[in-house]
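Listed below are the residues making up each chain.
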Amino acid sequence: MIEALPRLIVTGIMDGTIYGLLAMGLTLQYGVCQVLNIAHGEFLMLAAMLTWTLSAAFGISPLLVVAIIGPLLFGLGFLLQTTLFKALKARAPSPPVFEGNALLVAFGLFYIISFVARISWGARDYVNTILTDRVSFLGASFTLNQMIACVIAVAIGVAVYLFLSRTRQGRAIRATAEDPATAGLMGVNTNMILAFSFGLGALLAAIVGIMMSWRNPISTYIGFNNTVIALVVVTLGGLGSVPGSFIAGILIGIVSRLVSGLWEPLLIVPVYYAILMVLLLVKPVGLLGKR
Amino acid sequence: MPILEGQGVTKYFGGLAAVSKVDFAVDHGEIVGLIGPNGAGKTTLFNLISGTYPLSSGEVRFKGQKLNGLKPHRICRMGLSRTFQETKVFGNMPVLQNVLVGAFFGTPTHVSGADAAKEASRALEFVGLSAMAGYPIQDLTLVNQKRVEVARALATKPELLLLDELMAGLNPAEVSEAMGLVKRIRDRGITIFMVEHVMKAIMGVCGRIMVLHHGEKIAEGTCNEISCNKTVIDIYLGEETHAGS
Amino acid sequence: MNIASFASAHKKLVTAGFILLVLIFLATLPLYGNDYYINLLTTILMYTILAVSWAMFSGATGYMSLATAAFFGVGIMAMAFLYGTLPFPVIVVIGGVLASALAFLIGLVTLRLKGIYFAIFTFGFVMFISQTAYYTDVNILGNAWGHELPLMDPGMLHYAMLGLTVMTLLTIYFIRRSRYGLALLSIGGSEEAAEHMGINTTMTKIVLFTISSVFMGAAGAIYAPALIHVEARIAFNVFNSFVPILMAIFGGMGQLYGPVVGAAVFGYLDRTLRVELQEYFMLAFGIILVAVILFLPNGIVGLLPTLQERLRRLTARLRKGGETEQHANT
């Protein structure tokens, strides 16, 4: 059992980078737009299912579908913010009311998207895995898709972090997240920033969804559980903290592998929720959060 | 023993000290004024006394009892009540009901419905608003809403009343009326500690004045002493040349 | 004197009369209705209890609770386990008590959190209890196939649910008129001021949360036999947390009867659509949820004053003819 520990931890870290990327999208949407997007996982699911459709029906390589799916889901997120959430914000008498309403609307979107998907693709599993060859690394064997996904996740994660901290656009985004009124006064087009950020969050979910389809069987049901994981990670890392969610993702990845490998796989999900609840009680702002 | 005293009262928000090592004492029956430029920490000090925020360090004692860590509702029941800088009336009720809340919940012992109603009516009459008892409070002018806040606080039968910028937004006639009200409250045996910007009011009713600046107490004394204090004059002259307040 | 002016002059009489009629209808239904309609009305009553209980707390305090499904589910599972071993009413009470114990604990630890964290926590709690209960039931207690409940007389079930509904509504009514209701109202007006006027706002909220959960748990216990087959994941379905919210918001949170209206409408839709067009029902639910939050924040009931006002102005204009043009410009 104990020899498995290093392997579990390394696998956990690899899983964790993916969770971190997914969570980054969610935390961005909450931090900038104040929307806790319960439908986040549905974007992941859509991307995964579209990957299957594009590759099985149109023969496009699952490695390249991101060129189509990426902009598509970015656009969807962008649109949702400029139409739905912007209108919601305008009508809400106060920020907490808006957050509550946005949460409910996101849940409505969850039902809409997941059932539109269910009507389109049905309820079955689809297998569209690629790069399944095993490779030896640090004395254990991993699949190629696992490793490549991990590398991509880290690369994109770092890129997003640098974008937010070093570029002007990124600074504008952070300013809007901290104090939208002042940012607006300083000439920032806050509407554009919000729409962009929401779209970016959706894009990150899409990338994770595509990568997930490389590794696992997918179905129209995979959205919700991934939203839950993202939620736990985001809470641990701090609602609104981008680096926080990446670090937290890795931690959660490790914990989940340890639980499933050393205890009981069926209890991973309850453990997630238990962690979520304990976190909220002990340190609601998470590791790096400031709200 | 002073009815209210504080030693080394300090409050940090993040890295910034909003209130820093302030000592103060208020004796029974006094009307003490608390003045200072905007952002000096006056309302924060009130919030520390009334229990809205916990102190970062220092101690506050009311009637000899430590207030540190007590929640506002307990402090209220001990006999310390307050009004708020931004009027916090219960916008979803009529005027009398607003005051009734104070009468019902602000006293340490249980109050019957009839007694609470009587007390509320009396408090409302004291501030001169009996005629508006049944009106939705949203319909009242700001001046009158402030008066309801005072009535509400009085209905809790306090021994000490914190008044936070009662005169803000009042015209000179209204200020005079409010000054009269403050004196009448003191005549009832209630000690008053008041934050104020309107100098006429401070000079007119307060026996003693404390001056805060950047969270620190920089002066204390009688009205004469303070109005002659060079540091205080500098601060206020400085503020007048800058702002258009 | 025409009907309209009589009605507005004797508003209370009319309301009381209306309520009485509805009660008589519901109470006598089992005598002449067929099983399908009785079950339908029982379901509507169940949703009414959930919607009204949810609004009781979340409407008054502004804290959005997503724990409804947890309390409801506790009641269902209580009945699933205890049916037959104890008298029916006793199990219902146990369901309510268990739910309230849970609510008290949750309230104690979470009601000091900010609104969004409270919402996330209660959501996480429903999912946690759903998964853990399922795991425990299947793997530890060995009930791999869930629990079967024998068919109960629909009429009896209906009376039980009706009785609970009346109790719930009466409780809310009396709370509103009580000192406690005044405290709640003031917390809604300004929580900070309420706290400073001597109200222990945290405890007040916890108590309210606990009271609201009693009815949810009891409703679950009564409803369980109608489900016939009970399984932990069905009992704790998070959907049951969102449906009452939609009902309450759709109906309108300003008045007591708002959630009742919402529950009636959605209970009917749920029962008639859900069985045949399951997926389309969920889709419709999502669309209506979004639409209601966006366009009907005050619910259907919130439209009433606007409609009344428009009607009044219209009839005034018609009656006064040309003169009205000058008066209408106020």
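Cut-offs applied
Residues numbered from 1 in each chain as written. Chains lettered and ligands numbered in written order. Predicted model: local features only at pLDDT ≥ 70, side-chain atom pairs only at ≥ 80, totals over all residues. Pairing = 2+ DSSP bridges. Helix = DSSP H or I, 4+ residues; strand = E, 2+ residues; numbered from the N terminus. Contact = placed C-beta atoms within 7 Å. Nonpolar A, V, L, I, M, F, W, Y, C, P; charged D, E, K, R; others polar. Axes fitted to C-alpha atoms, helices over the stretch in contact; angles between N-to-C directions. Parallel < 35°, antiparallel > 145°, perpendicular 65-115°, else oblique. Left-handed = near helix turned anticlockwise from the far one by under 90°.

A. Geometry of the sheet that holds strand 2 (residues 16–26) of chain B. Residue and element names in this part refer to chain B. The sheet built from four strands is open, its strands ordered 2-1-4-5 with antiparallel pairing. Edge strands, defined here as strands with exactly one partner in the open sheet, are strand 2 and strand 5 (65–66). Bridge analysis of strand 1 (residues 4–13) against strand 4 (residues 57–62) gives five bridges, and the strand direction is antiparallel. Note that in strand 4 the partner of G6 across the bridge is V60.

B. Structural view of the interface of chain B and chain C. Counting residues at the interface gives 20 residues for chain B and 16 residues for chain C. Listed by contribution, the elements that provide at least two residues to the side of chain B that touches chain C are helix 2 (72–78) and helix 3 (95–105) of chain B. Top contributing element to the side of chain B that touches chain C by residue count: helix 3 of chain B, with five residues. The residue makeup of the side of chain B that touches chain C, split by class, is nine nonpolar, seven polar and four charged.

C. Geometry of the packing of helix 4 (residues 113–126) of chain B against helix 5 (residues 142–155) of chain B. All names here are of chain B. Running from N to C, helix 4 and helix 5 point in directions that differ by 140°, and their axes come no closer than 8 Å. Here helix 5 runs oblique to helix 4, going by the angle between their axes. Along this stretch, helix 4 crosses helix 5, giving a crossing that reads as right-handed. Listed contacts from helix 5 to E119, A120, A123, L124 and F126 of helix 4 are A151, L154 and A155. A class-by-class count of the residues in the contact of helix 4 with helix 5 yields seven nonpolar, no polar and one charged.

D. The interface of chain C and chain A, seen in detail. Across the contact, 30 residues belong to chain C and 34 residues belong to chain A. Contributions of two or more residues to the side of chain C that touches chain A are made by helix 6 (115–140), helix 12 (239–251) and helix 14 (278–295) of chain C. In terms of residue count, the dominant contributor to the side of chain C that touches chain A is helix 6 of chain C (13 residues). Of the residues in the side of chain C that touches chain A, the class split is 23 nonpolar, six polar and one charged.

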